[in-house]
Amino acid sequence: MDFRSMFCCVKSLDGKKQGKKESTWRIFSLKELQLSTNNFNYDNKLGEGGFGSVYWGQLWDGSQIAVKRLKSWSNKAEMEFSVEVETLARVRHKNLLTLRGYCAEGQERLIVYDYMTNLSLLSHLHGQHSAECHLDWTRRMNIAIGAAEGIAYLHHHATPHIIHRDIKASNVLLDGDFKAQVADFGFAKFIPEGATHVTTRVKGTLGYLAPEYAMLGKASESCDVYSFGILLLELASGKKPLEKISSTLRRSITDWALPLARERKFDELADQKLNGKYVEEELKRVVFVGLICSHNQPEKRPTILEVLEMLKGDKEKCAALENHEMFVSTTVVDSGVEDSSEFISDEKEPKQEIENVKM
Ligand SMILES: Nc1ncnc2c1ncn2[C@@H]1O[C@H](COP(=O)(O)OP(=O)(O)OP(=O)(O)O)[C@@H](O)[C@H]1O
């Protein structure tokens, strides 16, 4: 898509015309962003993703921003930029990262967001903040529910509905109060009304990809539910989606968690960093819901609205959860997780076949 046509598109989606709350994003000049980030100084760099680098900055009014700067100009990068700006410009929710604006001057493409003081969930689970143990159980529960609310907005309230396609720990950012903000909409896809799924090129991150999507390119809301299930297991256990067993073998978090969940070994499932300080009923819920979400068969996965009800402790739904076939039987029935091979060999990883899949 040519950038000018994208721009028209965003304009037409702006708040008032859609009868929604007016958006507050604006266009930034390159000069303003250079000034606020100390000319994209290395010291301001927050991190780097597939799209480019993200820098911390401060505007003249003192407000803090995060600026994503496109790595290099290409049609593909331009498309990701357009998708992200267009998606963010049309959504407004307390659990979705707010777009402050963008800049497109010459070949520079930049997206400006609110700065999230506590960075990403990934940095707390496995990264630079993991030793500090900021994520007590209450915060984890709130992050789980908050992120689910953000996704529920995309799936059920945005028009047209949106699938995110890259739900993962590094795309859940945390504000000063550790409130979850789902971010990174460069891979988002709009679902036309009445469609059950769209067939598309596979994009996303290994370890979080639903099998029908990874293999057949069938993207639907339930692919996000699958990824969210992996995220829930990660949040409860502190384990990575794919754990390195040896130099060539990896084990998926679902293969590790399911037998423990069946045996109700919640002390083994809980992140050791919690030091046993968690609410067992809630941990059980998070693990059970995580496993059902990451069922291999999409039709057996709940919707994100059902996920929310379960996470919030809906009595009826939680009772059904306890008796779910996945957790009562120890025989090899339709668990949806068991028929995956227990270990993934590096050689078997489909990375060569799948374009845009991040490792
Ligand atoms: N609004 C923000 N506030 C604070 N930190 C941010 C913000 N946006 C991004 N970051 C940080 O910048 C880093 C890079 O983000 P980016 O979304 O480009 O890549 P990623 O999610 O790490 O990787 P990928 O490209 O695979 O999605 C992330 O680790 C994140 O912690």
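Because the structure is predicted, anything quoted here is derived from the model rather than measured.

### With respect to the overall build of the chain
So, point 1. Scanning the chain for helices and strands turns up 14 helices and 17 strands.
So, point 2. Burial status across the chain gives 41% buried among its 359 residues.
So, point 3. A fraction of 67% describes how many contacts in the chain between residues 6 or more apart in sequence connect residues 24 or more apart.

### Regarding the site of the ligand
So, point 1. Around the ligand there are 23 residues in total, and Gly47, Gly49, Val54, Ala66 and Met116 lie nearest to it.
So, point 2. Contributions of two or more residues to the shell around the ligand are made by strand 2 (45-48) and strand 4 (64-70).
So, point 3. Here the shell around the ligand takes 3 residues from strand 2, the largest share from any one element.
So, point 4. Residues belonging to the shell around the ligand are distributed by class as follows: 11 nonpolar, 7 polar and 5 charged.

### Brief notes about the UniProt feature "binding site: ATP" (unreviewed entry) in the chain
So, point 1. When the UniProt feature table is mapped to this numbering, "binding site: ATP" (unreviewed entry) covers Lys68.
So, point 2. Judged by the 24 C-beta atoms lying within 10 Å of it, lysine 68 is buried.
So, point 3. Setting aside anything within four residues of it in sequence, one finds lysine 68 in contact with Phe51, Gly52, Val54, Leu110 and Ile111.

### Some remarks on helix 4 (residues 75-90)
So, point 1. Taking 1.5 Å per residue, 16 residues should reach 22 Å; helix 4 reaches 23 Å between its end C-alpha atoms and fits that length.
So, point 2. Of the positions making up helix 4, those classed as buried are Glu80, Phe81, Ser82, Glu84, Val85, Thr87, Leu88, Ala89 and Arg90.

### Topic: the confidence of the model for the chain
So, point 1. For the chain, the average pLDDT comes to 83, and 81% of its residues sit at 70 or higher.
So, point 2. Long-range and interchain partners of residues 1-21, a stretch whose pLDDT sits below 50, account for 25 contacts in this model, where long-range means more than four residues apart.
So, point 3. Throughout residues 338-355 the model reports pLDDT below 50, and contacts reaching past four residues in sequence, or to other chains, amount to 28 contacts.

### A short note on the pairing of strand 5 (residues 99-105)
So, point 1. Burial runs high along strand 5: 5 of the 7 residues are buried.
So, point 2. When strand 1 (residues 26-27) meets strand 5, the two strands line up parallel, connected through 2 bridges. Looking across to strand 5, one finds that isoleucine 27 is bridged to tyrosine 102.
So, point 3. Note: strand 5 against strand 6 (residues 108-114), 6 bridges, orientation antiparallel.

### Focus on the sheet that holds strand 3 (residues 52-58)
Pairing between the strands of a sheet is mediated by backbone hydrogen bonds and can be parallel or antiparallel.
So, point 1. With mixed pairing, the 6 strands of this open sheet are ordered in space as 1-5-6-4-3-2. Pairing within the sheet leaves two strands with one partner each, and these edge strands are strand 1 and strand 2.
So, point 2. In this sheet, strand 4 lies alongside strand 3 in antiparallel orientation, the contact comprising 7 bridges. Considered in strand 4, the bridge of glutamine 58 is made with glutamine 64.
So, point 3. The sheet contacts of helix 4 involve strand 4, strand 5 and strand 6, and relative to strand 6 the element is tilted by about 30 degrees.

### Brief notes about helix 8 (residues 221-237)
So, point 1. Here helix 8 contains 17 residues, and its C-alpha end-to-end distance of 25 Å stays within 8% of the 24 Å for a straight helix at 1.5 Å per residue.
So, point 2. Burial analysis of helix 8 places 17 of its 17 residues in the buried class, the great majority of the element.
So, point 3. Positive phi appears at glycine 238, one or two residues downstream of helix 8, with a value of about 75 degrees.

### Looking at the domain arrangement of the chain
So, point 1. Assigned domains of the chain: these are domain 1 (3-114) and domain 2 (121-353).
So, point 2. On the domain 2 side, the residues contacting the 12 residues of domain 1 number 16 residues.

### Structural notes on the nonpolar core
So, point 1. Core analysis: the biggest nonpolar cluster contains 80 residues, and Ala144, Phe228, Leu232, Ala236, Val287, Val289 and Val307 have the highest contact counts within it.
So, point 2. At 10 residues, the largest contribution of residues to this core is made by helix 8.
So, point 3. Every residue in contact with valine 289, bar those within four places of it in the chain, is listed here: Leu232, Val307, Met310, Leu311 and Leu321.

Reading guide: rules and limits
- Residues numbered from 1 in each chain as written.
- Predicted model: local features only at pLDDT ≥ 70, side-chain atom pairs only at ≥ 80, totals over all residues.
- Helix = DSSP H or I, 4+ residues; strand = E, 2+ residues; numbered from the N terminus.
- Buried ≥ 20, exposed ≤ 12 C-beta atoms within 10 Å, placed from the backbone.
- Contact = placed C-beta atoms within 7 Å.
- Near = placed C-beta within 6 Å.
- Nonpolar A, V, L, I, M, F, W, Y, C, P; charged D, E, K, R; others polar.
- UniProt positions renumbered as here; feature names shortened; annotations may be inferred.
- Expected span 1.5 Å × (residues − 1).
- pLDDT = per-residue confidence, 0-100.
- Pairing = 2+ DSSP bridges.
- Axes fitted to C-alpha atoms, helices over the stretch in contact; angles between N-to-C directions.
- Domains from an automatic or database assignment.
- Core = buried A, V, L, I, M, F, W, Y, C linked by C-beta atoms within 7 Å.

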